[in-house]
Every structure is written in C-alpha cells, then in structure tokens.
Amino acid sequence: MKTKHLNLRSGDGDTFDNIIEDIKQRNLSKDNMPKLIIGTGLSITYGIPGMGKLAEYLDKEIAKSKNGKLRGMWKKRLGTIKSKGLEAGLANLARDEDVLVDRIKVLTVKFILDSEEKLLKDIWKRDTGFSKLMVYLSGTASVNNKVIDIMTPNYDRVIETVCDRLNIGVITGFQGGLYQWYNRNLLKHPTDFYNCKKYPWVRLFKPHGSINWVREGEEEYLTNDYEILRKKTKHIEIVAPGSSKYREGMVNNMFRYMREEFNDLLNQRSYSLLFYGYGFNDDHFDTAFFENFQRDVLILARDVKPEILKKALAQNNITVFYHEGSDECMIYKSEKYVIDLPLWDINQFADTFLG
C-alpha cells in the first residue's frame, strides 16, 4: 500500500481544507451529531496519571501488604504487567483471586481521588481542545434537543468539571443535593426532567463507575464531597482494571443500566461516532461499536490497534488520526497519509478543525 504525504503547514493546505470540511460535515454536524466515546487519553491530557503510573502505585502499595497470598498473586502477574500493561497483566483473573481484585479496586480509588483533587483547580481553569469541542458541539446540537451523548470508562470527573466551567449541565442519572440518588429515567428520558431546548446538556454514561459513586448495602448514591469519599473508599463503585470488568459489569445493576442505556442509543438513525483517547480494550463495548462502524467514524488516539487501522483502510467511512513510529498519520477514505501535525492530540485537532 502506497502512503501519501500531506504538508498541512504549507503547500497542501488547500487540499486539506476540503478534507476538514468533509470530516466536519460527516462527523461534527447537526445532521450527523456525534456520540462521543472518551477514554483515558482525556484524563492524561489534564495530567491525571494513566495505567502505567497506576501499575507502579499498585506495585508499591501491594508490596507493603502483610498478606503473603495477596503479594504472591500480584507477583505472579507483575512480569506481564511490566511488559504488556496493567489490563493485559490482570486478564483472566480467577474467582479465587477476588482478594486481589478487591485490593486493586480500593487502591485505584485512592490513587484517582488523590490525583484528581490535586489537579481539580487546574482542570477547571484550563482552556483545552476538549473544552473547545464541547462548546462547538453545544452550538451545533439541534435547537429542539441540545443533548450531547458521551460514554466513558474513566472513573475520574474531568468531563463533569469541564462542563461545569462551560455552564453545560451534566445528566448522570442521579438527582439530589449533597447525596444524589439514582433514577434510571433521567438518562433514558432526559427531556422529561430537563429543559433540553433552551440549555445544552451532556448526557454522561459511566459504565465502569465513578469515584463519586458510593454503595452501602442496598443504597447507591453520588456525592462530590472529598471528605466523605475519602472515608468511603471501600464502598466506591468502580470496576477494577482487569478481567473482572466483564463479570462485574454484568452483575452490578448500576453498571449494567449504564451500558444498556448507551447501547440503546446506538439503535438511533442519524449519528456518527467520535472516539478520543479510547483503547478498544473492552470486548462488551467494542462489539457494539464495531457493529456500528458502517456509520461515519472519527478516531483520535496516539496509539491505535492494528485491527482498527485495518478496518479504516477497508472502509472509507472511518477516519483515524494517530502516531506511528516517528510519523503523524491519517487514514482518510481508505488511504493512509503521513501528515506534519499531530491531529490525534485534541488540542491540535481543535485548533485545526474548530478554529
């Protein structure tokens, strides 16, 4: 396959202007409003450490444990974690390793809580490509239904914080004050509860949980009080990294509702899919996404799996901006280009596409 070259900074600007307008029409327009799938790439953009740093933290903390069996379980998987990453290293966890899953879950909550609290003011202040994208989409959405749908497996509250700064309401499925209680209909029928004609809203699906969701007994609630959350780390609702994701995602009602409601949206007629910083590591989501890859798809990620690139080269409706070796690359209408801008970076993408 021959790779083409585009120099966007100089001679090929006019050619790329046509590509920009085509992508905006197919992936960012009112008539083909995107449903966003946001991965850890967004968290990293705002400084929240990714899986590599989490793995280092887990290794350090588990090494301190007095439970020799727990240390042994972790040590058995440490080589794969270091060579292939945390998700791969924790794949195929057995049911008799639940003690390891439980410890990883609590430590992950502490790690994300501490990281996020230190960065919260900076997240609030920063004007990033993601915030520009939210402003653009809120102005593009239908005048009769100003709802932007986002699904994220991230546990942190970056999206919620950015939307607060932009005065964009966030529909999480919870309602109330200091303690908010879950009402599935808020996600399912938002226009019954919110003025979605006058104001923009983000309808946010978090099927792997969130560091501000707490479950105690049969009660599930949301709170954004750090003091409360620090005391409730053992009860915070997240799906820990590793193979427990699928099992817990199926049996936990909250996670299952989030997944089912977002999957229902994929049955709608007119929309595109926009993936940012998403690794395609969750089979029970990816199957539904791949079934919808006949729609217009835009993928922004530094690292993209070979099977995704293969799909993009075979289908002219899939556009990918990514990094490969020492090159910045684009796949557009089944052709691969080397370009001179890192358009997988949300900041560069927003500057180039949104002005």
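This text gives an overview of the structure that appears in the document. One numbering rule holds for all chains: residues counted from 1, following each sequence as written. Two thresholds apply to this predicted model, a pLDDT of at least 70 for residue-level local features and 80 or more for giving and counting side-chain atom pairs, whereas whole-chain, interface and lining totals are computed over all residues. Heavy atoms throughout the structure, all of them, feed into the side-chain values; hydrogens and water do not.

### Topic: the environment of Ile168
And then number 1: For Ile168, the location among the structural elements is in the loop between α8 (158-165) and β4 (169-171).
And then number 2: Residue Ile168 is classed as buried on the basis of its relative accessible area of 3%.
And then number 3: Taking the C-alpha atoms as reference points, Ile168 and Val202, separated by 34 residues in sequence, lie 6.9 Å from one another.
And then number 4: Only heavy atoms matter for contacts: two residues are in contact if any of them lie within 4.5 Å across the pair. In this structure Ile168 touches Met134, Ser138, Cys163, Pro200, Trp201 and Val202, once residues within four positions along its chain are discounted. A run of H or I in DSSP counts as a helix once it spans at least four residues, and a run of E counts as a strand once it spans at least two, with each numbered from the N terminus. The cut-offs for exposure are 20% and 50% of the maximum accessible area for each residue type, with area from a 1.4 Å probe on protein chains only; residues under the lower value are buried, those over the upper are exposed, and the others partly exposed.

### Points about the nonpolar core
And then number 1: Phe16 and Phe321 are the most contacted members of the largest nonpolar core, which has 46 residues in total.
And then number 2: The residues contacting Phe16, other than those within four sequence positions of it, are Leu6, Leu8, Phe321, Met330, Leu343, Thr352 and Phe353.
And then number 3: In these notes, a set of buried Ala, Val, Leu, Ile, Met, Phe, Trp, Tyr and Cys residues joined through side-chain atoms within 4.5 Å is what counts as a nonpolar core. If you look at the next biggest cluster of nonpolar residues, it comprises 43 residues, including Tyr182, Trp213, Leu309 and Tyr322.

### Quick notes on the side chain of Asp286
And then number 1: Mapping Asp286 onto the fold places it in helix α13 (residues 283-291).
And then number 2: Asp and Glu count as negative and Lys and Arg as positive, but His and the ends of the chain are not part of the count. Each salt bridge in this description consists of a side-chain nitrogen of Lys or Arg and a carboxyl oxygen of Asp or Glu lying within 4 Å of one another. For the buried Asp286, which has no salt bridge, the nearest side chain bearing the opposite charge is Lys305, at an N-O separation of 5.8 Å.
And then number 3: N or O atoms within 3.5 Å of each other form a polar contact, as long as, within protein, one can give a hydrogen and the other can take it, and as long as residues adjacent in sequence are counted only when both atoms are side-chain atoms. In this structure the side chain of Asp286 is engaged in a polar contact, spanning 3.5 Å, whose partner is the backbone nitrogen of Asn281.
And then number 4: The contacts of Asp286, once residues within four sequence positions are left out, are Tyr278, Phe280 and Asn281.

The quantities given are spatial measurements derived from coordinates; they are silent on function.
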